[in-house]
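Topology and contacts: notes
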Amino acid sequence: MDTPTFLAHLQTHDTPLTLPRGGTLRWDDADLHRAAHAAGPEHYALLALAPGALPWQRARVLLQTLAASQAGLDDATRDTLARLARVLTLALPPAHVITVLLALRRLRANHKHTTRTVLRFVLEHPDADALIAARRPALLDCFEHALGKTAARGCARRIEDGDTASDYLRRRLLRFLAVPAAAPARVQALYAAPPAGAPSGTATGPARALPDEPALTLDTARDQPPTVTATNRGDIAATLVHLYRGGPAEDLYAALGRYVDDAARAYPRFAGTVALVFDASASMRGYGEREWAVLSQAAALRMLLSRVCDRLEVVEVGGDERAPRGATDLATGVLDALGGGPDLVAVVSDGYENRFPGDLARVAATLPRAGATTPVVFCHALFTAADDLTLRRPAPSLPQRGFWHQDDFTTLLPWMFAHCPAGRPWLRAALHDRLDALDRQAADLTTTLAA
């Protein structure tokens, strides 16, 4: 799998899954998802938790994971996939999940892991009562597909007759659930006939709106400041700006260390070498209200990488961090960085290549022909996400991603490290850590339901 390309696809391709009545599932990137799953089911599924992945892409990963057989997978991988499915069914908008479950029915996919996930969503989702009230026929179809129509209706009859824990019910239904006590009332609601004249989507009364908010939050929305300044781009960069402007050094350095340590704790260690080509030219300093803004954000990334990477080799071009001066020679910086044999070369620059314009592009084009295999990525230091980069793409052939705020590091680091073999275990560890934290939250929701 080309992880960086697939990761970018998850973060940019926002076409919904559609399931026309009586038609086939419309899934415009199905081949890409199937190929990525075939390359490694666990790695593929974990990428759905990458920060910035879009809801409809996460829904696709859920669909592919539930539709595929798990024959031949070890117990640890199956456990990871089960936990991830539980997290995604809670972290996606309910309408997305219902589309996925109906698609599984249309595809006739009914493995045991599929059955467990479907039943837990229908009967144990924190908003299950509201979901059944709003989409009863659809959820009834999903329920009967998961268990088989005969077994599902057999369970419903027994529950209607007062059975809550017979051997039949345990074998056919309750063994799949985490909170069996919640099932009987919701099974009855699924099979309750709507009153005469009531809309077909209701159980016992007027149609209700489908809850649209996920029960579990994956990505926290960033509050965009009405006006971007040099000091509202994250704590690390803001502290650096105050230092560059001559603030009280002792207090600021102490605060800076705390902020960097706090940020670094969110990431596992990268057991490799990153060579950072750091642009410290005059354009990075800026002027007026923007003075130090871009350079401070680039320096914040440098400091974070120094905490995360086992080895960080910095090649400064155009001056140094505290005394930006002169023109930018990125091409020579890249060649110097490659000389140390790192796992990854990351160029951090505002994109103004004003010493030998076009030189970086020529070097980038020559590297593969020269036998260089070390990946080189370009990290665009921006003032805001809306910066005009028309004249600031010195090597269009290099993988590129912009950043302007400290929060951008959560997507920038996975993208960077995904480009090199040494980054694969880092990415796996980071996503497993995220899954563990989200799974604990999901368990808390289940515990609340049980109470």
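Coordinates for the structure precede this section.
To start, this report covers the structure provided alongside it. (Residues numbered from 1 in each chain as written. Predicted model: local features only at pLDDT ≥ 70, side-chain atom pairs only at ≥ 80, totals over all residues. Heavy atoms only, no water.)

Okay, the overall build of the protein chain next. Each helix and strand counted, the protein chain has 19 helices and seven strands in total. Each of the three principal axes of the protein chain carries a C-alpha extent, and together these read 85 × 50 × 35 Å. Counting all 451 residues of the protein chain, 53% fall into the buried class. Long-range pairs, those at least 24 residues apart, make up 76% of the contacts in the protein chain with a sequence separation of at least 6. By element, 51% of the accessible surface of the protein chain is carried by carbon and sulfur atoms, the whole surface being about 20,000 Å². One way to put it: in the protein chain the 49 positive side-chain charges average out to a point 8 Å from where the 49 negative ones average out. (Helix = DSSP H or I, 4+ residues; strand = E, 2+ residues; numbered from the N terminus. Buried < 20%, exposed > 50% of the residue type's maximum accessible area, 1.4 Å probe, protein only. Contact = heavy atoms within 4.5 Å. Areas by Shrake-Rupley, 256 points an atom, 1.4 Å probe, with all protein chains shown as cover. Lys, Arg positive; Asp, Glu negative; His and termini not counted. Charge placed at Lys NZ, Arg CZ, Asp CG, Glu CD.)

Taken in spatial order, the five strands line up as S2-S1-S5-S6-S7 in an open sheet, and their pairing is parallel. Each edge of the sheet is formed by a strand with only one pairing partner; in this case those strands are strand S2 (309-317) and strand S7 (400-403). Adjacent strand axes in the sheet meet at a mean angle of 25° when their direction is disregarded. Across four bridges, strand S6 (residues 376-381) lies against S7 in parallel orientation. By the bridge assignment, Ala381 is partnered in S7 with Phe403. Against the sheet, helix H15 (residues 293-308) contacts strand S1 (270-279), S2, strand S5 (344-349), S6 and S7, and its axis sits at roughly 150° relative to S2. Along the sheet, helix H16 (residues 330-338) makes contact with S1, S2, S5 and S6, crossing S1 at roughly 155°. (Pairing = 2+ DSSP bridges. Axes fitted to C-alpha atoms, helices over the stretch in contact; angles between N-to-C directions.)

What follows deals with the packing of aromatic side chains. Using the criterion set out here, one finds seven aromatic pairs in the structure. Judged by centre distance (4.3 Å) and plane angle (5°), the rings of Phe270 and Phe417 are stacked. In this pair, Phe270 is assigned in strand S1 and Phe417 in helix H18 (residues 409-417), connecting sequence segments 147 residues apart. By the burial criterion, Phe270 is buried, and Phe417 matches it. Chaining the aromatic ring pairs together yields one cluster made of Tyr267, Phe270, Phe417 and Trp426. Lying across the ring of Phe278, Arg302 places its NZ or CZ 5.1 Å from the centre. (Phe/Tyr/Trp six-rings, centres within 6.5 Å; stacked < 30°, edge-to-face > 60°. Lys NZ or Arg CZ within 6 Å of the ring centre and 35° of its normal.)

Let's shift gears to the pattern of salt bridges. All told, the structure shown has 21 salt bridges when counted by the stated rule. One salt bridge in this structure joins Asp31 and Arg34, with 3.4 Å as the shortest N-O distance. Taken as a pair, Asp31 and Arg34 lie in helix H2 (residues 30-39) at a separation of three residues, close to a single helical turn. Salt-bridge contacts for Arg170 lead to Asp167; the nearest nitrogen and oxygen are separated by 3.8 Å. Here the residue Arg170 and the residue Asp167 both occupy positions in helix H10 (residues 167-172), the gap between them amounting to three residues, near one helical turn. According to the relative accessible area criterion, Asp167 is partly exposed, its value standing at 42%. Connected via shared salt-bridge partners are Asp79, Arg83, Arg86, Asp436 and Asp439. (Salt bridge = Lys/Arg side-chain N within 4 Å of Asp/Glu carboxyl O.)

Turning to the nonpolar core, a few remarks are in order. Counting 126 residues, the largest nonpolar core has Leu173, Met416 and Phe417 as the members making the most contacts within it. Here Leu173 is in contact with Leu119, Leu123, Phe143, Leu147, Cys155, Ile159 and Val187, once residues within four sequence places are set aside. If you look at the next biggest cluster of nonpolar residues, it comprises 19 residues, including Val277, Val317, Ala337 and Ala364. (Core = buried A, V, L, I, M, F, W, Y, C linked by side-chain atoms within 4.5 Å.)

Turning to the state of the cysteines, a few remarks are in order. Scanning the entire structure with this criterion turns up zero disulfides. We note that Cys155 lacks a disulfide partner, and the nearest cysteine sulfur, in Cys142, lies 16 Å from it. Of all cysteine sulfurs in the structure, the one in Cys309 sits closest to Cys420, which takes part in no disulfide; the separation is 9.2 Å. The exposure class of Cys420 is buried, given its relative accessible area of 4%. (Disulfide = S-S within 2.5 Å.)

Our next topic: H18. Counting buried residues in H18 gives seven out of nine residues, a clear majority hidden from the surface. All of the buried residues along H18 are Phe409, Leu412, Leu413, Pro414, Trp415, Met416 and Phe417.

Attention shifts here to the packing of H15 against H18. With their axes 12 Å apart at the nearest point, H15 and H18 run at an angle of 60° to one another. By the angle class used here, H15 and H18 are oblique. For the pair H15 and H18, the sense of crossing is right-handed. Within the contact between the two elements, H15 uses Gln297, Ala300, Leu301, Leu304, Leu305 and Val308 and H18 uses Phe409, Leu412, Leu413, Met416 and Phe417. In the contact of H15 with H18, the residues fall into 10 nonpolar, one polar and no charged. (Parallel < 35°, antiparallel > 145°, perpendicular 65-115°, else oblique. Left-handed = near helix turned anticlockwise from the far one by under 90°. Nonpolar A, V, L, I, M, F, W, Y, C, P; charged D, E, K, R; others polar.)

With that settled, the discussion passes to unusual backbone geometry. With a phi angle near 60°, Arg108 is a residue other than glycine that sits in the positive phi range. Looking at the element boundaries, Arg108 is found in the loop between helix H6 (94-107) and helix H7 (112-124). Judged by relative accessible area, Arg108 falls into the exposed class, the value being 75%. The backbone of Trp292 shows a phi angle near 75°, a positive value even though the residue is not glycine. Position of Trp292 among the secondary structure elements: in the loop between helix H14 (282-285) and H15. Judged by its relative accessible area of 5%, Trp292 is buried.

Counting buried positions along S5 gives six out of six residues, so the element sits mostly inside the fold. Across the two faces of S5 the burial is the same, with Leu344, Ala346 and Val348 and Val345, Val347 and Ser349 all buried. Pairing between S1 and S5: five bridges, direction parallel. When the bridges of S5 are listed, Val277 appears paired with Val347. Relative to S6, S5 runs parallel, the two sharing five bridges. Each bridged residue has a counterpart across the sheet, and for Ser349 the counterpart in S6 is His380.

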